[in-house]
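Chain by chain, the residues run as shown.
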Number of protein chains: 2
Amino acid sequence: MGITKSEIFTDHQNEIALFAKVLGHPARVAILQHLFKINACVCGDLVDEIGLAQPTISQHLKELKQLGLIKGTIEGTSVCYCIDTKNWSEMKRLMKLFLDQDLTNTNCC
Amino acid sequence: MGITKSEIFTDHQNEIALFAKVLGHPARVAILQHLFKINACVCGDLVDEIGLAQPTISQHLKELKQLGLIKGTIEGTSVCYCIDTKNWSEMKRLMKLFLDQDLTNTNCC
DNA sequence: TTATATTATTGCAATATTACGATAAATAGA
DNA sequence: TCTATTTATCGTAATATTGCAATAATATAA
């Protein structure tokens, strides 16, 4: 098979999984970290920065864009990418809600 | 190919990606949520709870166990699973460090 | 227009993931 | 011992992901 049965889970569960999945590759983690570090648009230098082929980077950027975590603006012959702060904050809120579930009462083995 | 080039990324980036990846499936999100909700060991009822076949659940549990997020204790004929609070907290710390990168100075398109 | 630069898309190969039936393994109880 | 119960493992099929070479698309500059 290889196909996730999304339909048997809640929207909330699927949303968390989708965001986690896009963060689940070191290249995308590295791209996001670089965008945060630069704290501005990045045009072009991501390929040199990360160390994967240009089509591969382009594909990872596409996935990040599809989830809304970054946005790209055409600037001459190049495209400038940066964090979409609004969507990033919303993703963060959702992930933290999941991560912060109560551990204190865990009555367990 | 299909193989992630982990060697070109930092340990930190790979670690974040690994944790995010294991959270990147709704079944595993649902399993973890159930364990938090019950707030105790869960023996057996996960298959009924989630709605996937027993071998599939077993496989997802294995992945969560490998990352250390849950632990299982043999209890008679069944196995009781619960959140590994120590490792969960460490994972949470790491993920939050990544999620909480500074957005305030974003000077961007 | 032509050349250059930059990014996106296509096509493909290799590997990984998801899911489940069949079956094995382990333990408890009759 | 035999049976029932529960979980793990194996094998396999379907699909997804990763990565890159080749190429297309787009815009700027000469």
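A quick note: this is a predicted structure, and the numbers were derived from the prediction, not measured.

(A) Quick look at the overall build of chain A. A tally of regular secondary structure across chain A gives five helices and three strands. Each helix (α) and strand (β) of chain A, taken in turn from the N terminus, gives the series α-α-β-α-α-β-β-α. Relative to its length of 109 residues, chain A is extended, with a C-alpha radius of gyration of 17 Å against a globular reference of 13 Å. Along the first, second and third principal axes, the C-alpha atoms of chain A reach 55 × 35 × 25 Å. Across the 109 residues in chain A, those meeting the buried criterion constitute 45%. In chain A, the share of contacts with a sequence separation of at least 24, taken over all contacts with a separation of at least 6, comes to 52%. Accessible surface, chain A: about 5,800 Å² in total, of which carbon and sulfur atoms supply 51%. Computed over 11 positive and 12 negative side-chain charges, the inter-centroid distance for chain A is 1 Å.

(B) Seen up close, the sheet that holds strand β3 (residues 78-83) of chain A. All names here are of chain A. If you walk across this open sheet you meet the three strands as β1-β3-β2, and the pairing is antiparallel. Of all the strands in the sheet, just β1 (42-43) and β2 (70-75) have a single pairing partner and so form its edges. Note that β1 and β3 share two bridges and pair antiparallel. Paired with Val42 across the bridge in β3 is Tyr81. Taken strand by strand, helix α2 (residues 26-38) contacts β1, β2 and β3, and its axis lies near 85° from that of β3.

(C) Structural view of the interface of chain A and chain B. Taken together, the contact between chain A and chain B spans 50 residues of the former and 50 residues of the latter. In total, about 4,400 Å² of surface goes out of reach between chain A and chain B, with carbon and sulfur atoms giving 69% of it. Taking the shortest distance from any N to any O, the salt bridge between B:Lys92 and A:Asp100 comes out at 3.5 Å. For the side of chain A that touches chain B, the elements supplying multiple residues, two or more each, are α1 (11-22), α2, β2, β3 and α5 (85-99) of chain A. Per element, the largest residue contribution to the side of chain A that touches chain B is nine residues, and it comes from α5(A).

(D) The relation of the copies chain A and chain B, seen in detail. Taken as rigid bodies, chain A and chain B are interconverted by a rotation of 180° and an axial shift of 0.0 Å, the fit giving an RMSD of 0.0 Å. Read as a symmetry element, the transformation amounts to a two-fold axis. Taken as a fraction of all interface residues of chain A, those also at the interface in chain B reach 100%, which identifies the copy contact as same-surface.

(E) Highlighting the protein's contact with DNA strand C. By nearness alone, 30 residues border DNA strand C, and A:Gly2, A:Lys5, A:Gln54, A:Tyr81 and B:Met1 come closest of all. Sugar and phosphate atoms constitute 60% of the interface atoms of DNA strand C, taking the interface as everything within 4 Å of the protein. Within the side chain of A:Gln54, a nitrogen or oxygen atom sits 2.7 Å from a base nitrogen of DNA strand C. In the environment of DNA strand C, a phosphate oxygen lies 3.0 Å from a nitrogen or oxygen atom belonging to the backbone of B:Ala53. The residue makeup of the surface near DNA strand C, split by class, is ten nonpolar, 14 polar and six charged.

Here is what the cut-offs are and how they apply
- Residues numbered from 1 in each chain as written.
- Chains lettered and ligands numbered in written order.
- Predicted model: local features only at pLDDT ≥ 70, side-chain atom pairs only at ≥ 80, totals over all residues.
- Heavy atoms only, no water.
- Helix = DSSP H or I, 4+ residues; strand = E, 2+ residues; numbered from the N terminus.
- Rg over C-alpha atoms; globule rule 2.2 N^0.38 Å.
- Buried < 20%, exposed > 50% of the residue type's maximum accessible area, 1.4 Å probe, protein only.
- Contact = heavy atoms within 4.5 Å.
- Areas by Shrake-Rupley, 256 points an atom, 1.4 Å probe, with all protein chains shown as cover.
- Lys, Arg positive; Asp, Glu negative; His and termini not counted.
- Charge placed at Lys NZ, Arg CZ, Asp CG, Glu CD.
- Pairing = 2+ DSSP bridges.
- Axes fitted to C-alpha atoms, helices over the stretch in contact; angles between N-to-C directions.
- Buried area = accessible area lost by both parts, 1.4 Å probe.
- Salt bridge = Lys/Arg side-chain N within 4 Å of Asp/Glu carboxyl O.
- Least-squares fit on C-alpha atoms with pLDDT ≥ 70 in both.
- Near = heavy atom within 4 Å.
- Polar contact = N/O pair within 3.5 Å; in protein donor to acceptor, adjacent residues only side chain to side chain.
- Nonpolar A, V, L, I, M, F, W, Y, C, P; charged D, E, K, R; others polar.

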